[in-house]
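Single-letter residue listing:
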Amino acid sequence: MGRTFIHASRIRQTARKRKHHSKFKTLINLLENNAYKIESSKPLHNGKLYKYWKNRRHLFSKIDTSPIYMTDELWFSVTPERIACFLTNFVKACMPNAERILDVFCGGGGNTIQFAMQFPYVYGVDYSIDHIYCTAKNAQSYGVDDRIWLKRGSWKKLVSKNKLSKVKYDCVFGSPPWGGPEYLKNDVYDLEHNLMPMGITKLLKSFLKLSPNVIMFLPRNSDLSQLSRATRKILGPFAKCKVLYVKENGYMKGIFCMWGECFFNYEPVSEENNLMEVCSENEEHSREEEHESTKANRDNGIDIYKLDG
Ligand SMILES: C[S@@+](CC[C@H](N)C(=O)[O-])C[C@H]1O[C@@H](n2cnc3c(N)ncnc32)[C@H](O)[C@@H]1O
């Protein structure tokens, strides 16, 4: 077990034991003030977040019945529950014997919690102590905190100092910051320059250091040619990346990009449906153009699928 991780069910005891360290002082404050607890029936003070608050039950279905904790940033960052649940089921179907999942950028625990519903050891990393706290508290509300270990730290530093390599992860997942709701400002999202904390090539390389099975949740308008180049640069000229477009509530939420042999034996929809669905999300492209671009992406090692939550 990674000794440097904090067990989510023992976050209070660990914080008290290490109270002389500044980051644990902050954690004790958060715990003592029951910080960031959401009153599900009370709209937030910050009016800009109203549209996210309206959809709160899509983020955490237990929000009316159990305490849920969210910072302002988490309102637009948490993976909606049905999407996180779908991903977990997908990973379970592809890797039935997997035990250890690493959730890089765990945020408020949207994905961490769903992984912990089906896998016995789930590790979450985030550089925000507030978000580590929210993940632990939300995991308690979902009754899965005994399967979750958390670590605060910057991804770059953790990777460069080899801080995570003691555990053998079956799969590494990450939902990196896309740059806030602004990510749709441009038609095409530049994965090398806009993705935080590093471009897609470096990020993929850092994930693959820890496991051959990698999944990332990326913007729906991501530049697929950059995805293809990153895949081939790191894994060789015949390497492939599987891309699933996911919708929730009629709205395209993003794409799951997958690397690893185990993710390639799953055919959720027919070829005909794939192309139709991809077309419907790119209204400015004609069906023929989209067909061509989809074919081109396939030739570049990108397999595209469409799933409606
Ligand atoms: C999109 S959110 C992840 C949401 C999460 N999947 C969920 O469902 O709650 C991205 C997270 O990355 C964290 N983050 C941003 N930059 C980071 C870095 N350099 N290292 C580690 N975590 C970082 C942020 O604090 C934020 O919680």
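The rules we used
- The written sequence of each chain sets the order in which its residues are numbered from 1.
- For this predicted model, a pLDDT threshold of at least 70 governs which residues receive local features, and a threshold of 80 or more governs which side-chain atom pairs are given and counted, while totals over whole chains, interfaces and linings are taken from all residues.
- The basis for every side-chain value is the complete set of heavy atoms in the structure, and neither hydrogens nor water enter the calculation.
- UniProt positions are given in the numbering used here, feature names are shortened, and annotations may be inferred rather than shown by experiment.
- Partly exposed residues are those whose accessible area sits between 20% and 50% of the maximum for their type, while under 20% is buried and over 50% is exposed, using a 1.4 Å probe and protein chains only.
- Secondary structure elements follow DSSP: runs of H or I no shorter than four residues count as helices, runs of E no shorter than two count as strands, and numbering proceeds from the N terminus.
- Only when DSSP finds a minimum of two bridges between them are two strands counted as paired.
- If the strands point away from the viewer and the path from the first strand over the helix to the second runs clockwise, then the crossover is right-handed.
- Proximity is defined per residue: if any heavy atom of the residue lies within 4 Å of a molecule or strand, that residue is considered near it.
- As used in this structure description, the phrase polar contact means that two N or O atoms lie within 3.5 Å; if the pair is within protein, one of them must be able to donate a hydrogen and the other to accept it, and residues adjacent in sequence are counted only when both atoms belong to side chains.
- Lining residues are defined by having an atom within 4 Å of a point belonging to a cavity or pocket. Those points lie on a 1 Å grid over the protein atoms alone, cavities being sets where a 1.4 Å probe fits but cannot get out and pockets being open sets with protein on both sides within 12 Å along at least five of seven lines.
- Molecules are considered to sit inside a cavity or pocket once more than half of their atoms lie within 2 Å of its grid points.
- Three classes are used: nonpolar for Ala, Val, Leu, Ile, Met, Phe, Trp, Tyr, Cys and Pro, charged for Asp, Glu, Lys and Arg, and polar for all others, with Gly counted as polar.
- Working definition: rings of Phe, Tyr and Trp (its six-membered ring) pair if their centres are within 6.5 Å, and the pair is stacked with planes under 30 degrees apart, edge-to-face with planes over 60 apart, and tilted otherwise.
- Note on geometry: a ring has a charge over it if NZ (lysine) or CZ (arginine) is within 6 Å of the ring centre and within 35 degrees of the ring normal.
- The span one expects for a helix is its residue count, reduced by one, times 1.5 Å.
- Residue contacts follow a heavy-atom distance rule, with two residues in contact if any of their heavy atoms lie within 4.5 Å.

The name an unreviewed UniProt entry gives the protein chain is Trimethylguanosine synthase, with Saccharomyces mikatae IFO 1815 as the organism. Database annotation for the protein chain, UniProt heading Sequence similarities (unreviewed entry): "Belongs to the methyltransferase superfamily. Trimethylguanosine synthase family."

K.L.:
Tell me about the pairing of strand β3 (residues 121–126), residues and numbers included.
P.N.:
Of all six residues in β3, five are buried; the element is thus mostly enclosed. Relative to β3, strand β2 (residues 100–104) is paired through five bridges, and the arrangement is parallel. Paired with Asp103 across the two strands is Gly124, which belongs to β3. Read from β2 through helix α7 (residues 110–118) to β3, the crossover connection turns out right-handed. Two strands pair when backbone bridges link them, and β3 and strand β4 (residues 148–152) are joined in this way by five bridges, in the parallel orientation. Bridge assignment links Val125 to a residue of β4, and that residue is Lys151. One crossover worth recording links β3 to the parallel β4 by way of helix α8 (residues 129–141), and it is right-handed.

K.L.:
Go over the site of the ligand, please, and point to the residues and values.
P.N.:
Taken together, 21 residues sit near the ligand, with Thr79, Gly108, Asp126, His131 and Trp155 positioned nearest. Contacts to the ligand include Asn111, whose side-chain N or O atom sits 2.9 Å from a nitrogen atom. Between a nitrogen atom of the ligand and a main-chain N or O atom of Tyr127, the distance comes to 3.1 Å. Placement of the ligand is best described as lying within the largest pocket. Looking at the shell around the ligand residue by residue, the class counts come to seven nonpolar, twelve polar and two charged.

K.L.:
Give a detailed account of the packing of aromatic side chains, specifying residues and quantitative values.
P.N.:
Enumeration over the complete set of coordinates arrives at 19 aromatic pairs. On the basis of an interplanar angle of 55 degrees and a centroid distance of 5.9 Å, the ring pair of Tyr52 and Phe76 is categorised as tilted. In this pair, Tyr52 is assigned in helix α3 (residues 50–54) and Phe76 in the loop between α5 (72–75) and α6 (81–94), connecting sequence segments 24 residues apart. Judged by relative accessible area, Tyr52 falls into the buried class, the value being 18%. By way of ring pairs, the aromatic residues Phe115, Phe119, Phe173, Trp178, Tyr183, Phe217 and Phe256 are connected into one cluster. Over the ring of Tyr121 we find Arg100, and its NZ or CZ is 4.0 Å from the ring centre. Looking at Lys242, its charged tip hangs above the ring of Phe264, at a distance of 5.7 Å from the centre.

K.L.:
Can you break down unusual backbone geometry residue by residue, with the values?
P.N.:
For residues besides glycine, phi is generally negative; the peptide bonds are generally trans as well. Residue Pro197 follows Met196 across a cis peptide bond; omega there is -5 degrees. Even without a glycine there, the phi angle at Tyr36 is positive, about 65 degrees. Within the element layout of this structure, Tyr36 appears in the loop between α2 (22–32) and α3. A positive phi is found at Asn162, a non-glycine position, where the angle reads about 55 degrees.

K.L.:
Just give me the short version of α8, but keep the residues and values in it.
P.N.:
An α-helical segment advances 3.6 residues per turn. Residues three or four places apart therefore align on the same side. For α8, built from 13 residues, the straight-helix expectation of 18 Å at 1.5 Å per residue is met to within 8% by its first-to-last C-alpha distance of 19 Å. Counting buried residues in α8 gives twelve out of 13 residues, a clear majority hidden from the surface. Buried residues of α8: Ile129, Asp130, His131, Ile132, Tyr133, Cys134, Thr135, Ala136, Lys137, Asn138, Ala139 and Ser141, and no others. Buried residues along α8 sit in contact with α1 (11–17), α2, α5, α7, β3 and β4. Its side-chain oxygen placed 3.3 Å from the backbone nitrogen of Asp130, Ser128 serves as the N-cap of α8. The positive-phi residue at the C-terminal boundary of α8 is Gly143, with phi of around 70 degrees.

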